[in-house]
Amino acid sequence: MTTARSTSAPVTATTATAVPATRLPYLGSGIGYRTEIKDAVDSPANRVDWLEVITEHYLFAPPDVRDVLHRLRRRFRVVPHGLELSIGGPGEPSPRYVDALAQLVDEIDAPWFSDHLCFTRAAGVALSTLTPLPRTREIAREVGRRAQRVQAAVGRPLILENVTYYIDLTSPLSEGQFIAEVMEHCECGLLLDLTNLDINAHNHGYSALEFLDTIPVERVVQVHLAGGTGGEDDRMDLDTHSEPVPPAVWDLLIELVGRTPVRATLLERDQNFPGDFGELQAELDHARRILDDAAGYARAGVR
């Protein structure tokens, strides 16, 4: 069992160099594990390459719940995706949380673990939302160093996810610049949620392609794909994880894998599940084909 090291250990490097994403295992096309689709996921008739689970569902769970995770691990690679690390909060992440996370990651031999580039707690109060961070270089440096300490404590690669935000206060840095600055101060990877990118670009009037030009795309390990609502008659897009992946997000995936190898895609659906798993299977297969096509082009020397 991995013993978590102190999260207060100093980070000495000013600019970090991450382990290349290509050194991490290739997982393929996966889906977020939810009780509404657990029987379909378990069925050998359906092709699911790997699973992402919500970290907090299992972190301090009783043995019978933890056993579900161990059973899933016997068939799938499993990656824990957290909501409550609060890497950008006003205080350090909870040592109890990080210790338990290290144990969980070790138990299931996860190739990496992920959480959000945001904060979810302040003054000991759970905010129950993924709150975006003020985009300054000082905060980016501190978040990067904190992420490095957590990664070292857990002993596996940490990948950080971009979040949606609906109010954009004046900031010195753009969203892409802020993410790039965070990456300068840690060896972590990126979980690029392409739906969040598409929603933010639409809601706040910036170019998704320019965002990809700004961030270090070589640090992208994994991608999230989902569908939201809104966007008509000048309404804001909403990140609801309730609809099929829209064409614009598939286009962004094709663009991204043309720029850099991606180790895994993850289909997120949290509500409005279709009665027929075949609809989700079609999206899983489409993501897999995009990854396979990109790998084939790379082998042929075509970009």
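Provided above is the structure to which this section pertains.
Just so it is clear, the model here is predicted, and its values are computed rather than measured.

> Teacher, can you tell me more about the layout of surface pockets here?
To find leftover empty space, a probe the size of one water molecule is rolled over the atoms. In this structure, the largest pocket occupies an estimated 390 Å³ of space. Along the wall of the largest pocket there are 20 residues; nearest its centre are His116, Leu130, Val163, Thr164 and Asp239. Element by element, the count of residues in the lining of the largest pocket is highest for strand E6 (residues 125-131), at three residues. Here the lining of the largest pocket is built from residues that sort into seven nonpolar, seven polar and six charged.

> Looking at this structure, I do not really get the pattern of salt bridges. What am I missing?
Opposite charge on two side chains permits pairing when their charged atoms draw close. Applying the stated criterion across every chain, the model contains 19 salt bridges. Between Glu92 and Arg146 there is a salt bridge whose closest N-O contact spans 3.8 Å. Taken together, the positions of Glu92 in the loop between strand E3 (77-81) and helix H3 (95-107) and Arg146 in helix H4 (residues 137-154) put the pair 54 residues apart, joining distant regions of the chain. For Arg146, a relative accessible area of 6% corresponds to the buried category.

> How do you make sense of the side chain of Thr131 when you look at a structure like this?
With respect to the helices, strands and loops of the structure, Thr131 is situated in strand E6. Using a relative accessible area of 18% as the deciding quantity, one classes Thr131 as buried. Discounting chain neighbours no more than four positions away, the residues touching Thr131 are Cys118 and Phe119.

> What am I meant to see in the packing of H3 against H4 here?
Two packed helices can be described by the angle between their axes and the distance between those axes. Between H3 and H4, the shortest axis-to-axis distance is 9 Å and the interhelical angle comes to 50°. The orientation of H3 relative to H4 falls into the category oblique. Between H3 and H4 the crossing geometry is right-handed. Residues Val98, Leu101, Ala102 and Val105 of H3 lie in contact with H4, whose contacting residues are Val150, Ala153 and Val154. Here the contact of H3 with H4 is composed, by residue class, of seven nonpolar, no polar and no charged.

About the cut-offs
Residues numbered from 1 in each chain as written. Predicted model: local features only at pLDDT ≥ 70, side-chain atom pairs only at ≥ 80, totals over all residues. Heavy atoms only, no water. 1 Å grid on protein atoms, 1.4 Å probe; cavity = no way out; pocket = protein on both sides within 12 Å on 5 of 7 lines; lining within 4 Å. Points joined across faces, edges and corners; volume = space filled by probe spheres on them. Helix = DSSP H or I, 4+ residues; strand = E, 2+ residues; numbered from the N terminus. Nonpolar A, V, L, I, M, F, W, Y, C, P; charged D, E, K, R; others polar. Salt bridge = Lys/Arg side-chain N within 4 Å of Asp/Glu carboxyl O. Buried < 20%, exposed > 50% of the residue type's maximum accessible area, 1.4 Å probe, protein only. Contact = heavy atoms within 4.5 Å. Axes fitted to C-alpha atoms, helices over the stretch in contact; angles between N-to-C directions. Parallel < 35°, antiparallel > 145°, perpendicular 65-115°, else oblique. Left-handed = near helix turned anticlockwise from the far one by under 90°.

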